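Breakdown of the fold
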Amino acid sequence: MVKIKTNSPEETYSFGYRLGKLLKSGDILCLNGDLGAGKTTLTQSIARGLGVEDYVTSPTFTLINEYEGRYPVYHFDVYRIDDIDEMYNLGFEEYIYSEGVTIIEWASIIEDILPLERLDITIKRGKEIDDREIIIEAKGNRYEEIVKELIK
Ligand code: ADP
Ligand code: MG
């Protein structure tokens, strides 16, 4: 487990941008943290690092938005999901096992259907209004590699 502290949205952004540069097709990122923690901010920067030029917004009502970067980027926000079946209905399994990078906000809500190998990222607020702690947990070799590169 690796913990990184940021003191501004920009710092979180530059962390996400670096992470995005390291990602490859097939990678799965699971983001957790309270409302306003910075999951979407982090997703925007990861997407930018992946070469996405479109403005990334939270797919809170649609559950998924797709972007084109170096790879397809699938951005899920499962905050408003009522039932896990909704995920199957919208083709969650097809997305995560197809070409592309998957980023899931509020991933813990669908813990039961998440792949075992993935990068878990939790964002917590700190003392000051712009303080955040980003906790990164690699599950599987591929993700250990990413974290190793990230903290170099
Ligand atoms: P979430 O998707 O987790 O609900 P958002 O990314 O939408 O959160 O919102 C995070 C808010 O917190 C943004 O307005 C962002 O500018 C602000 N913020 C302040 N400090 C930070 C920081 N260190 N890292 C990320 N976001 C921050
Ligand atoms: Mg969000």
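All values reported here derive from a predicted model rather than from experimental measurement.

1. Points about the overall build of the protein chain
Along the backbone of the protein chain there are five helices and seven strands. Relative to its length of 152 residues, the protein chain is compact, with a C-alpha radius of gyration of 14 Å against a globular reference of 15 Å. If you line up the protein chain on its principal axes, its C-alpha atoms span 40 × 30 × 30 Å. Across the 152 residues in the protein chain, those meeting the buried criterion constitute 35%. Partitioning the intrachain contacts of the protein chain with sequence separation of at least 6 by distance along the chain shows that 63% fall at a separation of at least 24.

2. Observations concerning the packing of helix 1 (residues 9–22) against helix 2 (residues 39–49)
Between helix 1 and helix 2, the shortest axis-to-axis distance is 7 Å and the interhelical angle comes to 40°. Our classification of the angle between helix 1 and helix 2 gives oblique. The two elements helix 1 and helix 2 meet at a crossing, and its hand is right-handed. Counted together, Pro 9, Thr 12, Tyr 13, Gly 16, Tyr 17, Arg 18, Leu 19, Gly 20 and Lys 21 of helix 1 and Thr 41, Leu 42, Ser 45, Ile 46, Ala 47, Arg 48 and Gly 49 of helix 2 form the full contact between these two elements. A class-by-class count of the residues in the contact of helix 1 with helix 2 yields seven nonpolar, six polar and three charged.

3. Here's the deal with unusual backbone geometry
With phi around 70°, Leu 63 is a residue other than glycine that occupies positive phi space. By secondary structure assignment, the location of Leu 63 is in the loop between helix 2 and strand 3 (64–68).

4. Side note on the site of ligand 1
Around ligand 1, a shell composed of 16 residues is seen, among which Thr 12, Gly 38, Lys 39, Thr 40 and Thr 41 lie nearest. Those elements that provide at least two residues to the shell around ligand 1 are helix 1 and helix 2. Here the shell around ligand 1 is composed, by residue class, of three nonpolar, eight polar and five charged.

5. Let's talk about the confidence of the model for the protein chain
Of all residues in the protein chain, 100% have pLDDT values of 70 or greater, and the mean over the chain is 96. For this predicted complex, the interface score ipTM comes out at 0.99, while the overall pTM is 0.97.

6. A look at the environment of Arg 80
Residue placement: Arg 80 occurs in the loop between strand 4 (72–77) and helix 3 (85–89). Those residues in contact with Arg 80 that sit more than four places away from it in its chain are Thr 60 and Phe 61.

7. Looking at helix 2
Summarising burial for helix 2: eight of the 11 residues are buried, a large majority. Those residues of helix 2 that sit buried are Lys 39, Leu 42, Thr 43, Gln 44, Ser 45, Ile 46, Ala 47 and Gly 49. Directly beyond the C-terminal end of helix 2, a positive phi value near 90° is found at Gly 51.

8. As for the nonpolar core
Counting residues in each nonpolar core, the largest one holds 32 residues, and the members touching the most others are Leu 29, Cys 30, Leu 31, Val 73 and Ile 121. Every element with two or more residues in this core is listed here: helix 1, strand 2 (28–32), helix 2, strand 4, helix 4 (92–96), strand 5 (101–105), strand 6 (118–125) and strand 7 (132–139). Looking at which element gives the most residues to this core, the answer is strand 2, with four residues.

9. Some thoughts on the sheet that holds strand 2
Taken together, the seven strands give an open sheet; going across it, the order is 1-7-6-2-5-4-3, and neighbouring strands pair in mixed fashion. Every other strand in the sheet has two partners, leaving strand 1 (2–6) and strand 3 as the edge strands with one partner each. Looking at each pair of strands side by side, their axes are set apart by 20° on average, direction ignored. Pairing of strand 2 with strand 5 involves four bridges; the strand directions are parallel.

Definitions and cut-offs
Residues numbered from 1 in each chain as written. Chains lettered and ligands numbered in written order. Predicted model: local features only at pLDDT ≥ 70, side-chain atom pairs only at ≥ 80, totals over all residues. Helix = DSSP H or I, 4+ residues; strand = E, 2+ residues; numbered from the N terminus. Rg over C-alpha atoms; globule rule 2.2 N^0.38 Å. Buried ≥ 20, exposed ≤ 12 C-beta atoms within 10 Å, placed from the backbone. Contact = placed C-beta atoms within 7 Å. Axes fitted to C-alpha atoms, helices over the stretch in contact; angles between N-to-C directions. Parallel < 35°, antiparallel > 145°, perpendicular 65-115°, else oblique. Left-handed = near helix turned anticlockwise from the far one by under 90°. Nonpolar A, V, L, I, M, F, W, Y, C, P; charged D, E, K, R; others polar. Near = placed C-beta within 6 Å. pLDDT = per-residue confidence, 0-100. Core = buried A, V, L, I, M, F, W, Y, C linked by C-beta atoms within 7 Å. Pairing = 2+ DSSP bridges.

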